[in-house]
Amino acid sequence: MEFNVKKLASDAGVFFSRAMQFTEEKLGQAEKTELDAHFENLLARADCTKNWTEKILRQTEVLLQPNPSARVEEFLYEKLDRKVPSRVTNGELLAQYMTEAANDFGPGTPYGKTLIKVGETQRRLGAAEREFIHSASINFLTPLRNFLEGDWRTISKERRILQNRRLDLDACKARLKKAKAAEAKAALWSDEVEKAEHELRLTQTEFDRQAEVTRLLLEGISSTHVNHLRCLHEFVESQTNYYAQCYQFMLDLQKQLGRFSGTFVGNADSTSPAAAPSSPAVAAATLPAVPTIPVVPTIVGVPNTVAEGVLNPNEVKPPASGTRKARVLYDYEAADSTELALLADEMITVYSLPGMDPDWLIGERGNQKGKVPVTYLELLS
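Read on for a plain summary of the structure. The structure displayed is predicted, hence computed values, not measured ones.

Scoring rules and cut-offs
Residues numbered from 1 in each chain as written. Predicted model: local features only at pLDDT ≥ 70, side-chain atom pairs only at ≥ 80, totals over all residues. Heavy atoms only, no water. Pairing = 2+ DSSP bridges. Helix = DSSP H or I, 4+ residues; strand = E, 2+ residues; numbered from the N terminus. Axes fitted to C-alpha atoms, helices over the stretch in contact; angles between N-to-C directions. Phe/Tyr/Trp six-rings, centres within 6.5 Å; stacked < 30°, edge-to-face > 60°. Buried < 20%, exposed > 50% of the residue type's maximum accessible area, 1.4 Å probe, protein only. Lys NZ or Arg CZ within 6 Å of the ring centre and 35° of its normal. Expected span 1.5 Å × (residues − 1).

Description of the sheet that holds strand β3 (residues 360-365)
Alright, step 1. Overall, antiparallel pairing links the 5 strands, which are arranged β4-β3-β2-β1-β5 in an open sheet. Only two strands of the sheet have a single neighbouring strand rather than two, namely β4 (368-373) and β5 (377-379). When the angles between neighbouring strand axes are averaged without regard to direction, this sheet yields 40°.
Alright, step 2. Here strand β1 (residues 324-328) pairs with β5 via 3 bridges, running antiparallel. In the strand pairing of β5, Arg 327 is matched with Glu 378.

Considerations on the packing of aromatic side chains
Alright, step 1. Scanning all chains against the criterion turns up 8 aromatic pairs.
Alright, step 2. Ring geometry for Phe 147 against Trp 152: centres 6.4 Å apart, planes inclined by 50°, an arrangement best described as tilted.
Alright, step 3. Since its relative accessible area comes to 3%, Phe 147 is described here as buried.
Alright, step 4. On the basis of relative accessible area, Trp 152 is assigned to the buried category, the value being 10%.
Alright, step 5. Considering the side-chain rings of Tyr 330 and Tyr 376, the 5.6 Å spacing of their centres and the 90° angle between planes classify their relative orientation as edge-to-face. Of this pair, Tyr 330 sits in the loop between β1 and β2 (347-351) while Tyr 376 sits in the loop between β4 and β5, placing them 46 residues apart in sequence.
Alright, step 6. By relative accessible area, which is 0% here, Tyr 376 ends up buried.
Alright, step 7. An aromatic cluster is defined as three or more aromatic residues linked by ring pairs; in this entry it consists of Phe 132, Phe 140, Phe 235, Tyr 242 and Tyr 243.
Alright, step 8. Lys 55 extends its terminal NZ or CZ atom over the ring of Trp 52, reaching a point 4.6 Å from the ring centre.
Alright, step 9. Taking NZ or CZ as reference, Lys 371 lies 5.0 Å from the ring centre of Trp 360, over its face.

Section: helix α4 (residues 90-105)
Alright, step 1. With 16 residues, α4 extends 22 Å between its outermost C-alpha atoms, agreeing within 8% with the 22 Å of an ideal straight helix rising 1.5 Å per residue.
Alright, step 2. Residue Gly 106 follows α4 closely and has a positive phi angle near 110°.

Geometry only, nothing functional implied.
Here it is in structure tokens:
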């Protein structure tokens, strides 16, 4: 009991001494031991690393999960050391709505078929997003969070200890200075001077030891940067794979929609086919046309059923004028014998026909010809 009382009294005395030293330093009434320039640079670098790591971590969390309520929920589950429940992504939810809408409108109608195709692509996009979020959380967010909650807390703790050791050292220097001044006035050797010198030696040793420990931890920030650099590369790789998947999914969807666009465009009611125009001139006036491809009013021997997608390539003859060169942007696989398969970067000749779907053109490559989707071409002047 007596030992505990003495210890508490000693701790209170040390705390009071540090508080006095700190206050006098702020008022400019006491000297302060300065750290060397290299040590100060290490401290500034560590603070900079901590501040930017926090900002990057928080903003990456916003990027991966824009919903603040969901982020709070995930944070609470993490602190409770419980598994975060699986959450449906926005793409997957949109896919569900599109599929349900297609069932209501009729999965056999053009609109219903398109909703199903787009919904399936949205589901794949949602699954890719889920995989990207999971990968980024493990390979990027977790290392940043571990640094802030592990290494940085250790550094902060040792810095506080170093600050206390520095206050003790400067307080001992002040006491020694006062003892020597009193000794000079009394003109005799005082026990207070010897005691103050002994305390100064002890506090100097403790300060030097703590400074070395803190210095080693601060120099470890370089290793932290190397680790975060590796994690950043993994994050970029995950993001690249995610966007590449999204691009491929959308490209596949574009091909599917382009292949059946002749069926979908202009068919608001599959049970009520549109009335055929009375003449080619009426068809050209009522149907939209590709603005950069002149439409020839009449071509002898070409049936008007081309607007409905029924086309025999052998019956098609190029117009006297209005043909253009086009560069193929993407590979395209022909759906049937009326279409022309395409290879990316190849050059073909294209032209339009009266009453033809504006999303399609006739393409020729040597002796081969057939319908080609406009969205896969770059029309050249």
